[in-house]
Amino acid sequence: MGFSLPSIKYPPARPDEGYWNPVTSTINWCEEDYYATIYSAEIVNTLTNLLFIALGIKGIRNCLKYGHDSIFIISFCGYLLVGSGSFAFHSTLKYPMQLLDELSMIYTATIMCYATFSYSQSRLVRQFLGAGLLSLAIFITLYYHYLQDPEFHQNAFALLLIVIMARSTYVMEVNIRPSLKEKYGTKSRTGVDSGSVSAAECLENGNRDRAILKNMWMMVTLGLAIFLGGFGIWNLDNHYCSKIRSWRHQVGLPWGIILEGHGWWHLMTGVGAYYYIVWAVWLRHCLNERQDEFVLNWPSVFSLPEVISLEDSKKKGHKWTNGYSNGNARANGKTHANGNGNGNGNGNGNGYGHGTREDRKSV
């Protein structure tokens, strides 16, 4: 007699008894409808969106606390809307909630596209960019409502993500990597040119920036791997649904929950998207040459990253900062003994407020 884990038999699906019945969405997923409760059509697909909601709130609070650019508050609000819309959609399987779920993904992607392309641009360029992306979002909304074809939405979303990632990684490389920064990078706004910095200071700053890039690439790689892993599991769920459903019934509850592929898509894309937004926040501070005022707080790959002030990092007793010692960074011959200087001797006093240097922002 083989070993088997204790389990509960799967209750039968009750689509006709569901509180939100009938289904009006154009798509349905592999999780059986209303088997756990009549008040939620797909209970696992619904509850896994709580991760989006929790991380969205965490991101908004972090942006407000440390004064990150307002475009990232809007981005985290969009991220939060994605989770809330998906929660509502999978609970009800109603077409309006489906649109809220899917279109909020498009809108959040266009917001991040704006954040990526608007950096260091003039007000006029930012206005044209914003108008263009708004027009694109409206077009996708109307055309998707007309087609009602999920593949169109998925392709549009994937294309936006590819464009955003390509542009972001290019900007990161040419503006932070020492070998490319001098030739291709955006001109410094600190008033310090490379000729006025000693060889020792250039070497020190170069080591700092290479360490930052190493952490950034690790975050990009891990976040993308998690995101694509979730996408792969979701596709397996779509293609082998009947087989996976039979396996769920064989193993019973709660073990069958592990085989809910769309739920894993929510969890993994939620983490992957959160990684990207935090990476974008950290990249913006590095582009604004504030690497010695903020810290990428990411102790291990098993923790969630966040960008905090150097001051708070020291209060928490972190022994590492950005993969390099911020306290040893120098600019214009000034040592940032307290980590709060802005690179030209004008400290902002709090480590994360708005100093005397004007940062290049999108909003």
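I will try to describe carefully the structure that is included in this document. (Residues numbered from 1 in each chain as written. Predicted model: local features only at pLDDT ≥ 70, side-chain atom pairs only at ≥ 80, totals over all residues. Heavy atoms only, no water.)

**Observations regarding the overall build of the protein**
Thought 1: If you tally the helices and strands in the protein, you get 11 helices and 4 strands.
Thought 2: The 363 residues of the protein split such that 48% are buried.
Thought 3: Considering only intrachain contacts with a sequence separation of at least 6, the fraction spanning at least 24 residues in the protein is 69%.
Thought 4: Counting only carbon and sulfur atoms, one obtains 64% of the accessible surface of the protein, whose full area is about 17,600 Å². (Helix = DSSP H or I, 4+ residues; strand = E, 2+ residues; numbered from the N terminus. Buried < 20%, exposed > 50% of the residue type's maximum accessible area, 1.4 Å probe, protein only. Contact = heavy atoms within 4.5 Å. Areas by Shrake-Rupley, 256 points an atom, 1.4 Å probe, with all protein chains shown as cover.)

**Structural notes on the state of the cysteines**
Each disulfide consists of a covalent bond between the sulfur atoms of two cysteine residues.
Thought 1: This model, assessed by the stated rule, comprises 1 disulfide.
Thought 2: The disulfide bridge from Cys30 ends at Cys241, spanning 2.2 Å between sulfur atoms. With the S-S bond torsion at 105°, the cross-link from Cys30 to Cys241 turns out right-handed. Of this pair, Cys30 sits in the segment before helix H1 (43-47) while Cys241 sits in helix H9 (residues 241-251); the two residues are 211 residues apart in sequence, bridging distant segments of the chain.
Thought 3: Cys30 sits in the buried class, given a relative accessible area of 2%.
Thought 4: Cys241 sits in the buried class, given a relative accessible area of 19%. (Disulfide = S-S within 2.5 Å.)

**Looking at the packing of helix H3 (residues 70-92) against helix H10 (residues 261-287)**
Thought 1: Taken N-terminus to C-terminus, the directions of H3 and H10 make an angle of 175°; their axes are 10 Å apart at the nearest point. Accordingly, the angle class assigned to the pair H3 and H10 is roughly antiparallel. Here Ile71, Phe72, Ser75, Phe76, Tyr79, Ser86 and His90 of H3 lie close against H10, whose contacting residues are His262, His266, Gly270, Val271, Ala273, Tyr274, Ile277, Val278, Ala280, Val281 and Arg284.
Thought 2: Here the residues of the contact of H3 with H10 are counted per class, giving 11 nonpolar, 6 polar and 1 charged. (Axes fitted to C-alpha atoms, helices over the stretch in contact; angles between N-to-C directions. Parallel < 35°, antiparallel > 145°, perpendicular 65-115°, else oblique. Nonpolar A, V, L, I, M, F, W, Y, C, P; charged D, E, K, R; others polar.)

**Focus on the layout of surface pockets**
Thought 1: For the largest pocket, the calculated volume is near 940 Å³.
Thought 2: Contributing to the lining of the largest pocket are 43 residues, with Met105, Phe157, Leu161, Phe227 and Trp265 lying nearest its centre.
Thought 3: For the lining of the largest pocket, the elements supplying multiple residues, two or more each, are H3, helix H4 (95-117), helix H6 (150-176), helix H8 (199-239) and H10.
Thought 4: For the lining of the largest pocket, the residue count by class is 28 nonpolar, 12 polar and 3 charged. (1 Å grid on protein atoms, 1.4 Å probe; cavity = no way out; pocket = protein on both sides within 12 Å on 5 of 7 lines; lining within 4 Å. Points joined across faces, edges and corners; volume = space filled by probe spheres on them.)

**Focus: the pattern of salt bridges**
Thought 1: The final tally for this structure, using the stated rule, is 10 salt bridges.
Thought 2: The closest approach of N and O atoms between Glu311 and Lys315, which form a salt bridge, is 3.9 Å. With Glu311 and Lys315 both in helix H11 (residues 310-315) and 4 residues apart, the pair spans about one turn of that helix.
Thought 3: Given a relative accessible area of 26%, Glu311 falls into the partly exposed group.
Thought 4: Each member of the salt-bridge network shares a partner with another, and the members are Arg208, Asp209 and Asp292. (Salt bridge = Lys/Arg side-chain N within 4 Å of Asp/Glu carboxyl O.)

**Observations regarding the environment of Val220**
Thought 1: Take Val220: it is sitting in helix H8.
Thought 2: On the basis of relative accessibility, which here comes to 9%, the residue Val220 falls in the buried class.
Thought 3: When the C-alpha atoms of Val220 and Thr169 are compared, they prove to be 8.8 Å apart, with 51 residues separating the residues in sequence.

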